[in-house]
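# Structural characterization, general
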Amino acid sequence: MRYLYLLLFILSLNACQFKDTPQANLVIAENPIVAHRGAWKTKGLPKNSIASLKEAIALGCAGSEFDVRMTSDEVLIVTHDAEFNDLIVDSTTYSDLSKHKLKNGETLPTLKQYLEAGMTNNTTTGLVCEIKPSKIPGRNTLLAKKVLDLVKQLKAEPYILAYISFSYDILKEIKTLDQTAKTQYLDGSKAPDELKSDGISGLDYLVYKLKNKQEWISSAKANQLSLNAWTVNKAEDMDWLIANHFDYITTDEPELAFERLKHHPTAMGWKLVWSDEFNTKGKVDSTKWAFDYGFLSNQEAQYFTDSLKNARVEQGHLIIEAHKEKIANKDYKSTAFKNKSWLQYITKIDTAQYTSARLKTEGLAAWKYGRIEVKAKLPKGVGLWPAIWMLGENRAQVSWPECGEIDIMEHVGFNPDSIFGTIHTKAYNHMNNTEKGKKIHIEKPYDTFHVFALEWTPEKMDFILDNTVYNQITNEHKTTAEWPFDQKFNLILNVSVGGMLGGREGIDNSVFPQQMAVDYVRVYQKDNY
């Protein structure tokens, strides 16, 4: 009996220990959202507080980021700045620092307290630990070791989503101490190949750096590095990162990120296959865009060129700009004159009163089915005729309209509050007044960017303005005369002047120059076609 009591006593001790130690039953939420310093903004909580951590957990974020520093008496604390209440963290004891409360009354949390809170009643949210480097020689090595020792002591390893830092040495020290630890570099100065060779697990860079180095995204994926971005608070940046399948998006606005995620094309199974975000400067990317030249069709008045005056990339936008100007052969120095296709226009160029540009993906990219999405702001004025449209790849063999035409967006200046979505085929085309099209009211097309989209499947086409479907055309399953849309189409962007539709009420010469600004072009497809 004495041995039975002893056994029961030992079991009771073990039971108490089990109860007091949070168990790792964490399954990271299936979203990319990391709350930056916790979810603090909406409820006005202190950043890096246990309250903001709990709010991130309550929201179901995949991660909650926090910052770690070390006091003069080597206590690890959670705080961002090198100073706390005008006290330098590195040279102040925790006892002195903790006399100053956070704005919600919390005591400045130690890392131990923070980790324990993150391990309690948490089944979805990983912890993203940013280790802030110190300027004191040798302190960073100690800091990395003490953080990892504490994590190990608390058995918190399963809860650590990643260690991040601006100090490359700290990250390399972490990998030396624990080869299984996940690390992400914050500085944005190193290419994925270098991170991979140094054993760093991923990158966590500012959005603009990633937009300027978009090749790093594919390189990171090829190197099996995790992709993160900070601090992402604009909806358009969130949309871009979601489209590019980032593993994590670190944000002060997790609620907004959840909303963008919910309504993003990827939520409906679309996968990004081609895009241009226009983050260079000067000429457009010749691997993505070609030009049409000269007087082309529809009795339009403009002469299409590839001049920077008419087509350029600046401040994150593609600019297609129409000018009222007469140009002469001797004044136009484009290398495109070497192209034989120009010869038929050289004698006519002196008659041009307007110039503009028409860009196309013909010969470079084409798609059969998909979601084609263009965010743009339109030019203003009677006589302007901007368009976002597509032509079938077999046009050279069967000509128009047999090849098919999809007008994702057309706008005419004399009808300023409407856009049109239309198809043209052999059976349905404007030459016979049988085209299939509808219009929708548009608010401030000249002042505000709008998203013009087409969702095209084997069964139907949806024409979309800012997530509103305003025209649906279904496949009648007759012949290619009605539905020539089971082939690849290329994309065209242009601003025309005058013409059969655009010039129906004349041209207002006082409005020039006018431009269509394009924020991005994205093409999505699904796996099943």
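Residues numbered from 1 in each chain as written. Predicted model: local features only at pLDDT ≥ 70, side-chain atom pairs only at ≥ 80, totals over all residues. Heavy atoms only, no water.

## Let's talk about the overall build of the protein chain
- What the protein chain contains, in helices and strands, is 14 helices and 28 strands.
- Its C-alpha atoms put the protein chain at 105 × 55 × 40 Å along the principal axes.
- Across the 529 residues in the protein chain, those meeting the buried criterion constitute 53%.
- Carbon and sulfur atoms make up 51% of the accessible area of the protein chain, which amounts to about 24300 Å² in all.
- On the protein chain, the mean spot of the 63 positive side-chain charges and the mean spot of the 67 negative ones are 1 Å from each other. (Helix = DSSP H or I, 4+ residues; strand = E, 2+ residues; numbered from the N terminus. Buried < 20%, exposed > 50% of the residue type's maximum accessible area, 1.4 Å probe, protein only. Areas by Shrake-Rupley, 256 points an atom, 1.4 Å probe, with all protein chains shown as cover. Lys, Arg positive; Asp, Glu negative; His and termini not counted. Charge placed at Lys NZ, Arg CZ, Asp CG, Glu CD.)

## Quick notes on empty space enclosed by the protein
- Considering all chains together, one arrives at 1 cavity of 30 Å³ or more under this definition.
- Approximately 40 Å³ is the volume attributed to the largest cavity.
- Contributing to the lining of the largest cavity are R69, M70, D90, K132, P133, S134, R139 and L143.
- Residue composition of the lining of the largest cavity, grouped by class: 3 nonpolar, 1 polar and 4 charged. (1 Å grid on protein atoms, 1.4 Å probe; cavity = no way out; pocket = protein on both sides within 12 Å on 5 of 7 lines; lining within 4 Å. Points joined across faces, edges and corners; volume = space filled by probe spheres on them. Nonpolar A, V, L, I, M, F, W, Y, C, P; charged D, E, K, R; others polar.)

## Regarding the nonpolar core
- F66, L111, L115, V147, Y163 and I174 are the most contacted members of the largest nonpolar core, which has 59 residues in total.
- In contact with I174, other than residues within four places in its own chain, are I131, A144, L148, Y163, A181 and T183. (Core = buried A, V, L, I, M, F, W, Y, C linked by side-chain atoms within 4.5 Å. Contact = heavy atoms within 4.5 Å.)

## Here we look at the side chain of E325
- When you line up the elements, E325 lands in the loop between β16 (317–324) and α12 (343–346).
- Not counting the four nearest positions on each side in its chain, E325 is found in contact with K309, N310, A352, Q353, Y354 and T355.

## Some remarks on the layout of surface pockets
- Roughly 830 Å³ of internal volume is contained in the largest pocket.
- Examining the composition of the lining of the largest pocket, we find that 4 residues originate from one element, strand β20 (residues 384–392), more than from any other.
- Here the lining of the largest pocket is built from residues that sort into 11 nonpolar, 10 polar and 11 charged.

## Looking at the pattern of salt bridges
- If you walk through the whole model with that rule in mind, you get 27 salt bridges.
- When the shortest N-O distance is used, the salt bridge between K360 and D292 registers 2.7 Å. Of this pair, K360 sits in strand β18 (residues 358–360) while D292 sits in strand β13 (residues 290–292), placing them 68 residues apart in sequence. (Salt bridge = Lys/Arg side-chain N within 4 Å of Asp/Glu carboxyl O.)

## Some details on the packing of aromatic side chains
- Summed over the entire model, instances satisfying the criterion amount to 18 aromatic pairs.
- Ring centres 5.3 Å apart and planes at 65° place the aromatic pair W274 and W367 in the edge-to-face group. Here W367 lies in the loop between β18 and β19 (370–377) and W274 lies in strand β12 (residues 271–276), a separation of 93 residues in the sequence. Each member of the pair, W274 as well as W367, carries the same accessibility label: buried.
- Chaining the aromatic ring pairs together yields one cluster made of W270, Y369, W456, W483, F485, F489 and Y529.
- Over the aromatic face of Y428 sits the side chain of K436, whose NZ or CZ is 4.4 Å from the ring centroid.
- The ring of Y520 is capped by R522, whose NZ or CZ atom sits 3.6 Å from the centre of that ring. (Phe/Tyr/Trp six-rings, centres within 6.5 Å; stacked < 30°, edge-to-face > 60°. Lys NZ or Arg CZ within 6 Å of the ring centre and 35° of its normal.)

## Side note on helix α4 (residues 111–118)
- Turning to α4, its buried residues number three or more, namely L111, Y114, L115, A117 and G118. Along the axis of α4, the buried residues cluster in a sector spanning 160°; they form a single face.
- Lining the buried residues of α4 we find α2 (50–59), β2 (63–70), β3 (76–78), β6 (126–131), α5 (139–153) and β7 (160–165). (Arc of directions from axis to C-beta.)

## Quick look at the environment of V147
- Structurally, the position occupied by V147 is in helix α5.
- Since its relative accessible area comes to 0%, V147 is described here as buried.
- With 57 residues separating them along the chain, V147 and D204 place their C-alpha atoms 20 Å apart.

## What about the sheet that holds strand β27 (residues 489–497)?
- Reading across from one edge, β13-β18-β27-β20-β21-β22-β23 is the order of the 7 strands in this open sheet, with antiparallel pairing throughout. Both outer strands of the open sheet, β13 and β23 (436–441), are each paired with one neighbouring strand and no more. For this sheet the average axis-to-axis angle between neighbouring strands, irrespective of direction, equals 20°.
- Bridging between β20 and strand β21 (residues 405–410) involves 5 bridges; their strand directions are antiparallel. For A387, the partnering residue across the bridge sits in β21 and is E410. (Pairing = 2+ DSSP bridges. Axes fitted to C-alpha atoms, helices over the stretch in contact; angles between N-to-C directions.)

## Remarks on the confidence of the model for the protein chain
- Residues of the protein chain with pLDDT of at least 70 account for 91%, and the chain-wide mean is 92.
- This model gives residues 1–22 a pLDDT under 50, and the stretch forms 3 contacts once residues within four places in sequence are excluded.
- pLDDT under 50 marks residues 330–347. Its contacts with residues more than four places away, or in other chains, come to 24 contacts. (pLDDT = per-residue confidence, 0-100.)

## Side note on the packing of helix α10 (residues 235–243) against helix α11 (residues 254–263)
- Two elements in contact, α10 and α11, have axes separated by 10 Å at closest approach and are oriented at 50°. What the angle tells us is that α10 and α11 run oblique. The crossing of α10 and α11 is right-handed. Here α10 contributes A235, M238, D239 and I242 to the contact with α11, which in turn contributes L256, A257, R260 and L261.
- Each residue belonging to the contact of α10 with α11 can be placed in one class, and the counts come to 6 nonpolar, no polar and 2 charged. (Parallel < 35°, antiparallel > 145°, perpendicular 65-115°, else oblique. Left-handed = near helix turned anticlockwise from the far one by under 90°.)

## Some remarks on the side chain of H411
- Here H411 lies in the loop between β21 and β22 (418–424).
- In terms of polar contacts, H411 uses its side chain to reach the backbone carbonyl oxygen of S418, at 2.8 Å.
- Among residues more than four places away in sequence, those in contact with H411 are L378, P379, L384, W385, P386, P416, S418, I419, P445 and Y446. (Polar contact = N/O pair within 3.5 Å; in protein donor to acceptor, adjacent residues only side chain to side chain.)

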